[in-house]
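One letter stands for each residue in the lines below.
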There are 2 protein chains.
Amino acid sequence: MSNLRRLDLLKTHLLSKFPTSSLDRSLDEYRGRGEKINSSLLSQLYFEDGYDTLMKMRKAMTKNPLFNHYEEAEMPREKLRERVVQQIASLYFSFNLSYEVDKKWPLGKCHFCFGLAEHDLGLTTRFCVHIILYIDTLQNIGTKKHLELINRAYQLLDYGSFGMTELGHGSNVAKVETTATYDHNAREFIINSPTPTSAKWWIGAAGKTANMSVVFAQLIVDGVGRGVHAFVVPVRDYATHETLPGVILGDCGKKLSNDGIDNGFMLFKNYRVPYDALLDKYSWISPDGKFKTSFKNQDKRLAVMLGGLIRGRTAVVIGSEQNMRHALTIALRFSAIRKQFGLQNGPEVPILDYQTQRYRLIPHLARAFAIRTGGLFLCSNYIRIRPKIDNEPESDDINEHHAFLSAFKVVASSYGVACTQDCREAVGGLGYSSYSALGRLRANQDTHLTWEGDNTVLIQQAGKFIFKQIQRTFKGYKINAPTLSILKTDYEECKALKQSFENSQQLENEKMLMELIEFKFNHLLHKALLKVQENAQVSTDMLEVWNNSQVFHIQDLGKVYGEYVMAREFLKFVHDIEAKCEVTGRVIRKLFYLYVVDTVDRSIGLFLENALNSQQAKIVKDSVIRLCNEIAPSSVSIVDALAAPDNVLGSAIGNSDGQMYTHMIESVENGPNVYEKPEWLPLIHQIREASKSKQ
Amino acid sequence: MSNLRRLDLLKTHLLSKFPTSSLDRSLDEYRGRGEKINSSLLSQLYFEDGYDTLMKMRKAMTKNPLFNHYEEAEMPREKLRERVVQQIASLYFSFNLSYEVDKKWPLGKCHFCFGLAEHDLGLTTRFCVHIILYIDTLQNIGTKKHLELINRAYQLLDYGSFGMTELGHGSNVAKVETTATYDHNAREFIINSPTPTSAKWWIGAAGKTANMSVVFAQLIVDGVGRGVHAFVVPVRDYATHETLPGVILGDCGKKLSNDGIDNGFMLFKNYRVPYDALLDKYSWISPDGKFKTSFKNQDKRLAVMLGGLIRGRTAVVIGSEQNMRHALTIALRFSAIRKQFGLQNGPEVPILDYQTQRYRLIPHLARAFAIRTGGLFLCSNYIRIRPKIDNEPESDDINEHHAFLSAFKVVASSYGVACTQDCREAVGGLGYSSYSALGRLRANQDTHLTWEGDNTVLIQQAGKFIFKQIQRTFKGYKINAPTLSILKTDYEECKALKQSFENSQQLENEKMLMELIEFKFNHLLHKALLKVQENAQVSTDMLEVWNNSQVFHIQDLGKVYGEYVMAREFLKFVHDIEAKCEVTGRVIRKLFYLYVVDTVDRSIGLFLENALNSQQAKIVKDSVIRLCNEIAPSSVSIVDALAAPDNVLGSAIGNSDGQMYTHMIESVENGPNVYEKPEWLPLIHQIREASKSKQ
């Protein structure tokens, strides 16, 4: 808390016009109801490799007056942008990040970004664009000569942006309109933005901050289009910060949130850059002016060139979990404190005691664990494949990583939106206050749906990978992606369940539950295959067939891939924690049960088609409710174990001390002009006069 | 468009740094694809009784420079509040609203509010609080002596607020903590806010504007609590606008949207008001100081006292349709213009040609019609029951109106959130720009979920009414609510469908579809009855039984009530329009089919339990897709027929002229400091220096 803010609060308390409040013990009472979980163990396993960085950053942010959500909420756009840069600078230099460190510890800079996201998505995004999208592109597809730029970027001497999206093209990057024409005489490229829609758009940091940018453009050599390539170019003068001649940079303006990011547009008019601007690991131009490339397939080359998005999408997965965890911390604490209604003639009871409220919140807590444990797998797999990114960019391992990362990105971002929305609704009107933080979390989470690959488009990449693996089996090969090993190509093998259940005990069993989610995966695979066959009978264009097999089929197939891998990883996590603490393990196991049972219930129609009967559907629904009831008493302790410190969370209704009404009053009384007459008072009198003159 | 803004745009065009754009004909091309619908007929039937008011208000707003979304988006909170009051004043006096007019034409002032909502939810809400919540409460439960206040309010001499919600109590109004103690000697009431949580909270107009308020408080007579009653009291001095002694008024601060409403808090310290402050139609205190009431049941009396919410909830229903219609207008026009990908080696195609995009948008268009046609029924039924509100407040007719209004409010508000969210996602990153308007529409729509009765709580009122009607049948009476006449109390009568379908033609038939939705209603009723019986075996507290029967049961039952009545009204609308224009009727009939088929698909599990088989489930899904495909070509023309004028819509990507890229560029280039260096440039240099000193 800043000294100024502390003083404000003290002043408010003394000057408050509200009746004196007594200590509210509701939150502690609720905490006392559940299992005594081992918070420290849970937190260490949950954050795993990132634990130390996270704790260090939380501590640094808690002590630092620059991190204050209440101030940020009322800041004008430009002020907020300045604040965000100050925040980055205040933390960055104590972490010694560099290319060398990144090679040894590829998660290091990710953890730093996740730490920033504990405070705010806008903050982390602003930095991720530089340290992940910009730098990773240089690292992935640049060559030795770009090393100096990489080092300068790690030192924050240059601040980079990522010029991919254009006003007219987002998902279809292959069709961007920006051109880079090779001039052999000068051995330079001439970059141009030929149309209004070719303007690079939404480019983070381009609005005000960046002096460098990666620019994706159609490479033209000797009048021949060679497809999209990436160039690293200066856009502002290093010393004066003036936009360079031939470049136009501007601000994309107000957004629905995340105004701390200076998203900008970028246009080029005959902007000449030297040959070395080309990131030339996979394409280059020989000294005699001939285009060369190590990729025959342009699409594959483009996919590799967009490798900077790998860690960007990972940040979406973890970032979604963070928004969910924050929102759940707020909503669960609120619900334990907030009392409303009760039994006949009894006292009012905490709303977290109601079935409706539990069902609104607890399944999201289970999902947060699914995303987090999926995210841990994502991180460990990234370490495994990292050397191949540099050396075998087309290997199956990398394709598999891409595929489930795409599925995770889509599943996590949509879970996140559903969760932050339900949390906002679950706290009622107070969720509409800026001081609850839920509106910010909800609006921030929203971006995750459409950036780093629009969900509807991205999920198709997961679907394509699955189809390619199935095609292998048609040719007599085996599926070679470990995350898909449970897929059965023979429908007879999977159309019925091997196990069954007649009561909730039999249902709540890890083998039964994993079989259910595996069934769903296989069932959707076969429905999708059938739909593609059906569509192939009426069209010969395979893209049309593909496009017409999306809704209910490929789209759902891609998502269940993500859900299945997450469930598998969640179960491993349960085993791990059970081995270390029985009590904690018991609660987390119930969360795992709930995750799968709830997933089954939400697609119960698929199961009723041929695997379950209506009596079993009832058992599933009853199980969802019962698990919510069993977990609810421990839910506050679970979020307590994982929660960010109060000022990092920044919610008047989500503080760990449980005094939410007091904090809400403080926040409101500290607002600008809280007790002042309106500046526009004369208007009220004018209206009355106008009215009287009409009578 | 204001002259200033027009000048700005002209200046921008001349000074624009973007390449010159050519005319984009994509939107007109898409318009040319569909049926030639009769726009004027459609619009007249759709807006019905409100058509003239709407057209008059749209015209007035189009010509008035006060209505400018781009300006409002960047306005500080206080400036926006002033603007909203100016907007109200600029329109109000040409509509001659009064108590007399309201008695003759009860929809008149509703239409005025709906007209304001065409521009913005914040605008209409700010006025609805006064003209509906405040005035209707006076009209409903005041007596002759309050007539003067009613007239003053209609003349805008007084501006009223509605002091119901408190910091500690929202849904459970019966437990508000504010007290009104009767002092017989002075024949006055003494109003007090005994605790911090007793502060009236979120009170619209209390923050800055209102000089009057209705206040709900626990009436205490001779030391005996007599339940919640409403009082009308001055809160600010009429002449000076100072808060009156004994009253504390303040500003609730920043919200996640709707900052044009000055929501405030209200506290009372021994605030004395005369006896006539009591709205005494149903409770009064005799001259000898005895409490009298015409209601034995406190809960029923409170329900009648909250009658001001009837038209408030109606505004939520219509307001949701408006947000949806605006969002769909923007997203559908965008999708007809935006091109991305295409078939092998073909040109890029409008994204509205994709199955995924059609499925994301077209079902919402069908739902908007369902809400609107349900809303028309709501309005006509309101006229029918209006005399009973004054004379027989406990009549079954009014209870029925309450019940389906509650269901409509819940269904419409959640449809609205899903729609505005999908529209925002469907336009990708550009939906994140403030200039797209979609973020505003989405955030505004969000409030509808929790105000005017929190959805989770409110839907239970619909459920209770259904249960009471069923209880009548147990006693040998018939169901007497016409909207529930299709309910069967004998499960054998409804557990199977009478008709069946083996292909989509047989499915797409109004009798078949109405039977499906009636089946769902009956099926959920019987599941809910069984669940209540099941729970009653383990608990004797009927409230506990009720609370534990919510999820999957009462909650879903209440919603299907709303969906069923909407479907019934939608079908009447189809018949009506078919009689007048065959072509238009054909398209709207398909929308009706889609509405029901989509509703069936989204709860397909219920049907698969015992009514449909998996082959029929496939027919349902295929039908959803095919109907989306058949409607899509006409979808732009449908929204065109109903759309608000461009400046009322206020979206750079949703203009009727189809030049969305040009408008987006204009909006951005008109933003503040678009091409300026950051004010905080020194910070960038400081960071570099700090970095260098560490090397």
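Residues numbered from 1 in each chain as written. Chains lettered and ligands numbered in written order. Predicted model: local features only at pLDDT ≥ 70, side-chain atom pairs only at ≥ 80, totals over all residues. Heavy atoms only, no water.

1. Side note on the confidence of the model for chain A
The predicted coordinates should not be examined in detail at positions where pLDDT is low. Per-chain confidence: chain A averages 95 in pLDDT, with 98% of residues scoring 70 or above. Interface confidence for the predicted complex, given as ipTM, is 0.96, next to a pTM of 0.97. (pLDDT = per-residue confidence, 0-100.)

2. Here we look at the interface of chain A and chain B
Taken together, the contact between chain A and chain B spans 140 residues of the former and 140 residues of the latter. Here chain A meets chain B over a buried area of about 11600 Å², counting both sides, of which 62% is carbon and sulfur. Inspection of the region where chain A meets chain B yields ten salt bridges. Across the pair Glu242 of chain A and Lys677 of chain B runs a salt bridge whose closest N-O atoms are separated by 3.0 Å. Taken together, the links from chain A to chain B amount to 71 residue pairs in polar contact (both at pLDDT 80 or more). Top element by residues in the side of chain A that touches chain B is helix H26 (residues 681-694) of chain A. It accounts for nine residues. Of the residues contributing to the side of chain A that touches chain B, the split by class is 54 nonpolar, 48 polar and 38 charged. (Contact = heavy atoms within 4.5 Å. Buried area = accessible area lost by both parts, 1.4 Å probe. Salt bridge = Lys/Arg side-chain N within 4 Å of Asp/Glu carboxyl O. Polar contact = N/O pair within 3.5 Å; in protein donor to acceptor, adjacent residues only side chain to side chain. Helix = DSSP H or I, 4+ residues; strand = E, 2+ residues; numbered from the N terminus. Nonpolar A, V, L, I, M, F, W, Y, C, P; charged D, E, K, R; others polar.)

3. Quick notes on the domain arrangement of chain A
As assigned here, chain A comprises domain 1 (160-296) and domain 2 (498-630). On a C-alpha basis, the centres of domain 1 of chain A and domain 2 of chain A stand 44 Å from each other. (Domains from an automatic or database assignment.)

4. Things to note about the sheet that holds strand E7 (residues 247-251) of chain B
Residues and elements named next belong to chain B. On the basis of which strands lie adjacent, the open sheet formed by three strands has the order E4-E8-E7 and antiparallel pairing. Pairing within the sheet leaves two strands with one partner each, and these edge strands are strand E4 (200-203) and E7. Strand-to-strand, the axes of this sheet are offset by a mean angle of 20 degrees, without reference to chain direction. Direction of pairing for E4 relative to strand E8 (residues 264-268): antiparallel, over a ladder of two bridges. The partner of Lys200 across the bridge, within E8, is Met266. (Pairing = 2+ DSSP bridges. Axes fitted to C-alpha atoms, helices over the stretch in contact; angles between N-to-C directions.)

5. A look at the UniProt feature "active site" (unreviewed entry) in chain A
Residues and elements named next belong to chain A. Under the UniProt annotation, the feature "active site" (unreviewed entry) is placed at Glu452. Relative to the elements of secondary structure, Glu452 occurs in the loop between helix H15 (438-447) and helix H16 (455-474). Residue classification places Glu452 among the buried positions, given a relative accessible area of 17%. (UniProt positions renumbered as here; feature names shortened; annotations may be inferred. Buried < 20%, exposed > 50% of the residue type's maximum accessible area, 1.4 Å probe, protein only.)

6. Some words on the pairing of strand E1 (residues 160-163) of chain B
All names here are of chain B. Burial of E1 is two-sided: the residues Gly160 and Phe162 facing one way and the residues Ser161 and Gly163 facing the other way are all buried. Here four bridges tie E1 to strand E5 (residues 212-221), and the two strands are oriented parallel to one another. By the bridge assignment for E5, Gly163 is matched with Val215.

7. Quick word on the sheet that holds strand E4 (residues 200-203) of chain A
All names here are of chain A. Across the sheet, which stays open at both edges, the three strands sit in the order E4-E8-E7 with antiparallel pairing between neighbours. Of all strands in the sheet, those with a lone pairing partner are E4 and strand E7 (247-251), marking the two edges. Adjacent strand axes in the sheet meet at a mean angle of 20 degrees, parallel and antiparallel pairs treated alike.

8. So, the pattern of salt bridges
This structure, assessed with the given rule, holds 112 salt bridges over all chains. Among the salt bridges present, the one from Asp102 of chain B reaches Arg386 of chain B, with a minimum N-O distance of 2.8 Å. With Asp102 of chain B in helix H7 (residues 99-104) and Arg386 of chain B in helix H13 (residues 355-391), this pair connects stretches of sequence that are 284 residues apart. By relative accessible area, Arg386 of chain B is classed as buried at 8%. Across the salt bridge formed by Arg589 of chain B and Glu510 of chain B, the nearest N and O atoms sit 2.7 Å from each other. Placement of Arg589 of chain B in helix H21 (residues 582-602) and of Glu510 of chain B in helix H18 (residues 510-536) is noted, with a sequence separation of 79 residues between them. Salt bridges linked by common partners bring Asp28, Arg31, Arg333, Asp640 and Asp646 of chain A together as one network.

9. A short note on the relation of the copies chain A and chain B
Each copy superposes on the other: chain A lies on chain B with an RMSD of 0.0 Å after a rotation of 180 degrees and an axial shift of 0.0 Å. What we have between these two chains is a two-fold relation. Scanning chain A for the C-alpha nearest the rotation axis identifies Gly605 of chain A, at a separation of 2.0 Å. Mapped onto chain B, 100% of the interface residues of chain A are again interface residues, and the two copies thus contact each other with one and the same surface. (Least-squares fit on C-alpha atoms with pLDDT ≥ 70 in both.)

10. Focus: the UniProt feature "domain: Acyl-CoA oxidase C-terminal" (unreviewed entry) in chain A
Here the UniProt-annotated "domain: Acyl-CoA oxidase C-terminal" (unreviewed entry) positions come out as residues 512-680 of chain A. With 79% helix and 0% strand, residues 512-680 of chain A has its two end C-alpha atoms placed 66 Å apart.

11. What about the nonpolar core?
Buried together is how nonpolar side chains tend to be arranged in soluble globular proteins. In terms of nonpolar packing, the biggest core is built from 307 residues, with Trp201, Phe369 and Tyr561 of chain A together with Trp201, Phe369 and Tyr561 of chain B touching the most fellow members. Setting aside residues up to four positions removed in sequence, Tyr561 of chain B forms contacts with Glu400, Ala403, Phe404, Ala407, Ala462, Phe465, Ile466, Thr483, Leu484 and Phe521 of chain B. (Core = buried A, V, L, I, M, F, W, Y, C linked by side-chain atoms within 4.5 Å.)

12. Some points on the packing of H21 of chain B against helix H23 (residues 614-642) of chain B
All names here are of chain B. The geometry of H21 relative to H23 is characterised by a closest axis approach of 9 Å and an angle of 140 degrees between their N-to-C directions. It follows from the interaxial angle that H21 and H23 lie oblique. Remark: the crossing between H21 and H23 carries left-handed chirality. Every residue of H23 that contacts H21 at Val587, Lys590, Leu591, Tyr593, Leu594, Val597, Asp598, Val600 and Asp601 is listed here: Val620, Lys621, Ser623, Val624, Leu627, Cys628, Glu630, Ile631, Ser634 and Ile638. Residue composition of the contact of H21 with H23, by class: twelve nonpolar, two polar and five charged. (Parallel < 35°, antiparallel > 145°, perpendicular 65-115°, else oblique. Left-handed = near helix turned anticlockwise from the far one by under 90°.)

13. So, the packing of helix H18 (residues 510-536) of chain A against helix H20 (residues 550-580) of chain A
Packed helix pairs are specified by the crossing angle of their axes together with the interaxial distance, meaning the distance between the axes. Residues and elements named next belong to chain A. H20 packs onto H18 with a crossing angle of 160 degrees between their chain directions and a minimal axis gap of 9 Å. Put simply, H18 runs roughly antiparallel to H20. Taken as a pair, H18 and H20 cross one another with a handedness that is left-handed. Taken together, the residues of the contact of H18 with H20 break down into 15 nonpolar, two polar and eight charged.

14. Section: unusual backbone geometry
With glycine set apart, most residues show a phi of negative sign, and most peptide bonds adopt trans. Residues and elements named next belong to chain B. With phi around 45 degrees, Glu48 is a residue other than glycine that occupies positive phi space. Owing to a relative accessible area of 46%, Glu48 belongs among the partly exposed residues under this scheme. A positive phi is found at Leu156, a non-glycine position, where the angle reads about 60 degrees. Considering the arrangement of structural elements, one finds Leu156 in the loop between helix H10 (147-154) and E1. According to the relative accessible area criterion, Leu156 is buried, its value standing at 6%.

15. Observations concerning helix H9 (residues 121-141) of chain B
All names here are of chain B. By the largest-angle criterion, Cys128 marks the main kink of H9, which is about 45 degrees. Here H9 lies mainly inside the structure; 21 of its 21 residues are buried. Here H9 starts with a cap whose side-chain oxygen sits 3.1 Å from the backbone nitrogen of Gly122, and that cap is Asp120. (Bend = angle between axes of the 7 residues up to and from the residue.)

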